[in-house]
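Observations on the three-dimensional arrangement
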Amino acid sequence: MSKIEQLVADLSTLTVLEAAELSKALEEAWGVSAAAPVAVAAAGGGAAAPAEAAEEQTEFTVVIVDGGDKKINVIKEIRGIRSDLGLKEAKDLVEGAPQNVKENISKQEAAEIKAKLEAAGAKVEVK
């Protein structure tokens, strides 16, 4: 068995706590950021990867569920949020709900967009 195969076999037997300890030890020893050791531990640990990925969602999608009673106000807000859409496209987006308004954005930006659209009368979800 090669050194790499042996290392993979050894890392596969680690518990989540042991993988976290390994992550901290590698960060201190190599002077790297927390992101790199987590990826190494997750790749070797297997079971630790899905739990850590679910906790650290960094990109969000704003979905308009319903345009509400004041669709004109919602369409205006959509046009303000998405300058790449014309009036017809914004209207189609609102009337075709549920649809994604904006994808792969920060949590803060998603919250701001949700607040604007809800103030205009739409029902919105952040995923």
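Structure shown above.
These notes cover the structure that comes with them. (Residues numbered from 1 in each chain as written. Predicted model: local features only at pLDDT ≥ 70, side-chain atom pairs only at ≥ 80, totals over all residues. Heavy atoms only, no water.)

**As for the sheet that holds strand β1 (residues 60-66)**
Sheet architecture is open: three strands sit in the order β2-β1-β3, paired in antiparallel fashion. Both outer strands of the open sheet, β2 (99-105) and β3 (123-126), are each paired with one neighbouring strand and no more. Pairs of neighbouring strands in the sheet enclose a mean axial angle of 20°, with direction left out of account. Bridge analysis of β1 against β2 gives four bridges, and the strand direction is antiparallel. From the neighbouring strand, Val-63 faces β2, where its bridge partner is Asn-100. Its contacts with the sheet put helix α6 (residues 87-95) on β1 and β2, and the angle it makes with β2 is roughly 100°. Taken strand by strand, helix α7 (residues 107-120) contacts β1, β2 and β3, and its axis lies near 155° from that of β2. (Pairing = 2+ DSSP bridges. Helix = DSSP H or I, 4+ residues; strand = E, 2+ residues; numbered from the N terminus. Axes fitted to C-alpha atoms, helices over the stretch in contact; angles between N-to-C directions. Contact = heavy atoms within 4.5 Å.)

**Details of the pairing of β1**
Regular strands show a simple pattern: their side chains alternate between the two faces of the sheet. Within β1, five of the seven residues are buried, which leaves the element mostly enclosed by the surrounding structure. In this structure, β1 lies alongside β3, joined through four bridges in antiparallel fashion. Within β3, the position partnered with Val-63 by the bridge is Glu-125. (Buried < 20%, exposed > 50% of the residue type's maximum accessible area, 1.4 Å probe, protein only.)

**Section: the environment of Asn-100**
Take Asn-100: it is sitting in strand β2. The contact partners of Asn-100, leaving out residues within four places of it in the chain, are Thr-61, Val-62, Val-63, Arg-82 and Leu-93. Among the polar contacts listed, one links the side chain of Asn-100 to the side chain of Glu-103, at a separation of 2.5 Å. (Polar contact = N/O pair within 3.5 Å; in protein donor to acceptor, adjacent residues only side chain to side chain.)

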